[in-house]
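Reading the structure
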Amino acid sequence: EVQFVESGGGLVQAGGSLTLSCAAPGFAIDGYAISWFRQAPGKEREAVACISGLDDSTYFGDSVKGRFTISRDNAKNTVYLQMNSLKPEDTARYSCATIWGYCSPYPVPSEYTHWGQGTRVTVYS
């Protein structure tokens, strides 16, 4: 069974940057939208960003617009999330998953597959 692997999380001071990676070993991501989600303790899971599989369209949650950038390298079967100007509110476990085709502005997590275990991001002030 395919499972994505997230990496790049860690501890960072507010205002700093981190780059997360979502690797899909043995899975060709061409054509698949890849989405990042995050969840903090006691909070609902939140869609962070998505990059479509069939074009260059992207989606960003309102709370991260202007600060985060998503990109993909199909040859490496990897999607990246560049996080800038980090805030304590960004503290969460970040996970990636996939759905065929285009990003949805209202993603339903249960419809996504190949979830990874996630990588934790902690932002301190």
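Just above sits the structure.
Keep in mind it's a predicted model, so treat the numbers as computed, not measured. (Residues numbered from 1 in each chain as written. Predicted model: local features only at pLDDT ≥ 70, side-chain atom pairs only at ≥ 80, totals over all residues. Heavy atoms only, no water.)

**Things to note about the overall build of the chain**
A count of helical and extended segments in the chain gives zero helices and 10 strands. Helices and strands in the chain line up, N terminus first, as β-β-β-β-β-β-β-β-β-β. Relative to the globule expectation of 14 Å for 125 residues, the C-alpha radius of gyration of the chain, 13 Å, shows essentially globular dimensions. Along the first, second and third principal axes, the C-alpha set of the chain runs to 40 × 25 × 25 Å. The average position of the 10 basic charges and that of the 12 acidic charges among the side chains of the chain differ by 8 Å. (Helix = DSSP H or I, 4+ residues; strand = E, 2+ residues; numbered from the N terminus. Rg over C-alpha atoms; globule rule 2.2 N^0.38 Å. Lys, Arg positive; Asp, Glu negative; His and termini not counted. Charge placed at Lys NZ, Arg CZ, Asp CG, Glu CD.)

**Topic: the sheet that holds strand β10 (residues 119–124)**
Think of a sheet as strands paired side by side through backbone hydrogen bonds, with each pair either parallel or antiparallel. Sheet architecture is open: six strands sit in the order β2-β10-β9-β4-β5-β6, paired in mixed fashion. Two strands bound the open sheet, and with one partner strand each, they are β2 (10–13) and β6 (58–60). Looking at each pair of strands side by side, their axes are set apart by 25° on average, direction ignored. Of the strand pairs in this sheet, strand β5 (residues 46–51) and β6 are connected by three bridges, and their pairing is antiparallel. Each bridged residue has a counterpart across the sheet, and for isoleucine 51 the counterpart in β6 is threonine 58. (Pairing = 2+ DSSP bridges. Axes fitted to C-alpha atoms, helices over the stretch in contact; angles between N-to-C directions.)

**Points about the sheet that holds strand β3 (residues 18–23)**
Read across the open sheet, the four strands follow the order β1-β3-β8-β7; overall the sheet is antiparallel. Strands with a single pairing partner mark the edges of an open sheet, and in this sheet they are β1 (5–7) and β7 (68–73). Along the sheet, successive strands turn relative to each other by an average axial angle of 15°, direction set aside. Here six bridges tie β3 to strand β8 (residues 78–83), and the two strands are oriented antiparallel to one another. Bridging across to β8, cysteine 22 finds its partner in valine 79.

**Some thoughts on the state of the cysteines**
Tallying each qualifying case throughout the model produces two disulfides. Shown here is the disulfide that connects cysteine 22 with cysteine 96, its sulfur atoms set 2.0 Å apart. Residues cysteine 22 and cysteine 96 are joined by a disulfide whose S-S torsion is about 85°; by sign, that bridge is right-handed. Taken together, the residues span a long stretch of sequence, with cysteine 22 in strand β3 and cysteine 96 in strand β9 (residues 92–100) at a distance of 74 residues. Its relative accessible area of 0% is what places cysteine 96 among the buried residues. Note on cysteine connectivity: cysteine 50 is disulfide-linked to cysteine 103, with sulfurs 2.1 Å apart. (Disulfide = S-S within 2.5 Å. Buried < 20%, exposed > 50% of the residue type's maximum accessible area, 1.4 Å probe, protein only.)

**Here we look at the environment of glutamate 44**
Relative to the helices and strands, glutamate 44 is located in the loop between β4 (32–39) and β5. Note on glutamate 44: relative accessible area 71%, which makes it exposed. Beyond its immediate chain neighbours, meaning those up to four positions away, glutamate 44 contacts Arg38 and Gln39. (Contact = heavy atoms within 4.5 Å.)

**Some details on the nonpolar core**
Residues Trp36, Phe68, Leu81, Met83 and Tyr94 are the most contacted members of the largest nonpolar core, which totals 26 residues. Within the residue set of this core, elements represented by two or more residues are β3, β4, β5, β7, β8, β9 and β10. If we skip the residues at most four places from it in the chain, phenylalanine 68 touches Arg38, Val48, Phe60, Leu81, Gln82, Met83, Asn84, Leu86, Asp90 and Tyr94. (Core = buried A, V, L, I, M, F, W, Y, C linked by side-chain atoms within 4.5 Å.)

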